Amino acid sequence: MTGHDVEGIVLRYVGASLTGDLGALRECLADRVRLDWGGVVYTDADEFVTACDRGIVWEDLEVLGIVHDGDRVAVTYEATNHDDRVRVRTSELLRIRGGRISEAIVAFAARPLA
């Protein structure tokens, strides 16, 4: 997989998860996954997508950086919570296998951005 392919998958995944495009989000995920959301770990992609359907609505997504080495990817992005207008920075460590995300570890900012 080329760097361009990896970045395309990551951008689609981040965009879909933050805008609520659940179909696109599911397409980005392998059937067998490990998604660690800081206390909640999902191992079923469909369960994770269902949980995202009940999540926060985000706006003003800005991807700050993507770094990859083989199938390992780090992405950092910021977005604004639609309801309370708080801007949050998030980083994810991803593993991509077979053109889909098979693992994600999420690290949220400890406090909202000023």
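Everything that follows concerns the structure shown earlier in this document.
These numbers were taken from a predicted model, which means no experiment stands behind them.

Enquirer: Pulling in residues and values, what's your account of the sheet that holds strand β6 (residues 100-108)?
Expert: Spatially, the six strands line up as an open sheet ordered β2-β1-β6-β5-β4-β3, and their pairing is mixed. Sheet topology places β2 (41-44) and β3 (58-69) at the edges, where each strand pairs with a single neighbour. Taking each pair of neighbouring strands and ignoring which way they run, the sheet shows an average axis angle of 20°. Here strand β5 (residues 87-97) runs beside β6; their pairing, made up of eight bridges, is antiparallel. Note on β6: the bridge partner recorded for Ser 91 is Ala 107.

Enquirer: If you had to explain helix α3 (residues 45-53) to someone new, which residues and values would you point to?
Expert: Taken together, the buried positions of α3 are Ala 45, Phe 48, Val 49 and Ala 51. Taken around the axis of α3, the buried residues stretch over an arc of 160°, which confines them to a single face. Buried positions along α3 lie against α2 (22-28), β1 (29-36) and β2. For α3, the side-chain oxygen to backbone nitrogen distance between the N-cap and Asp 46 is 3.0 Å, and the N-cap itself is Asp 44.

Enquirer: Mind laying out a nonpolar patch on the surface, listing which residues take part and the relevant values?
Expert: A contiguous nonpolar patch, built from Leu 11, Leu 61 and Val 63 and spanning about 210 Å² of accessible area, is present on the exposed surface. With respect to the helices, strands and loops of the structure, Leu 11 is situated in helix α1 (residues 3-19). Overall, the relative accessible area of 43% leaves Leu 11 in the partly exposed class.

Conventions used here
- Residues numbered from 1 in each chain as written.
- Predicted model: local features only at pLDDT ≥ 70, side-chain atom pairs only at ≥ 80, totals over all residues.
- Heavy atoms only, no water.
- Pairing = 2+ DSSP bridges.
- Helix = DSSP H or I, 4+ residues; strand = E, 2+ residues; numbered from the N terminus.
- Axes fitted to C-alpha atoms, helices over the stretch in contact; angles between N-to-C directions.
- Buried < 20%, exposed > 50% of the residue type's maximum accessible area, 1.4 Å probe, protein only.
- Arc of directions from axis to C-beta.
- Contact = heavy atoms within 4.5 Å.
- Polar contact = N/O pair within 3.5 Å; in protein donor to acceptor, adjacent residues only side chain to side chain.
- Patch = residues over 30% accessible without salt bridge, like charges linked within 9 Å, V, L, I, M, F, W, Y side chains within 5 Å.
- Areas by Shrake-Rupley, 256 points an atom, 1.4 Å probe, with all protein chains shown as cover.
- Salt bridge = Lys/Arg side-chain N within 4 Å of Asp/Glu carboxyl O.

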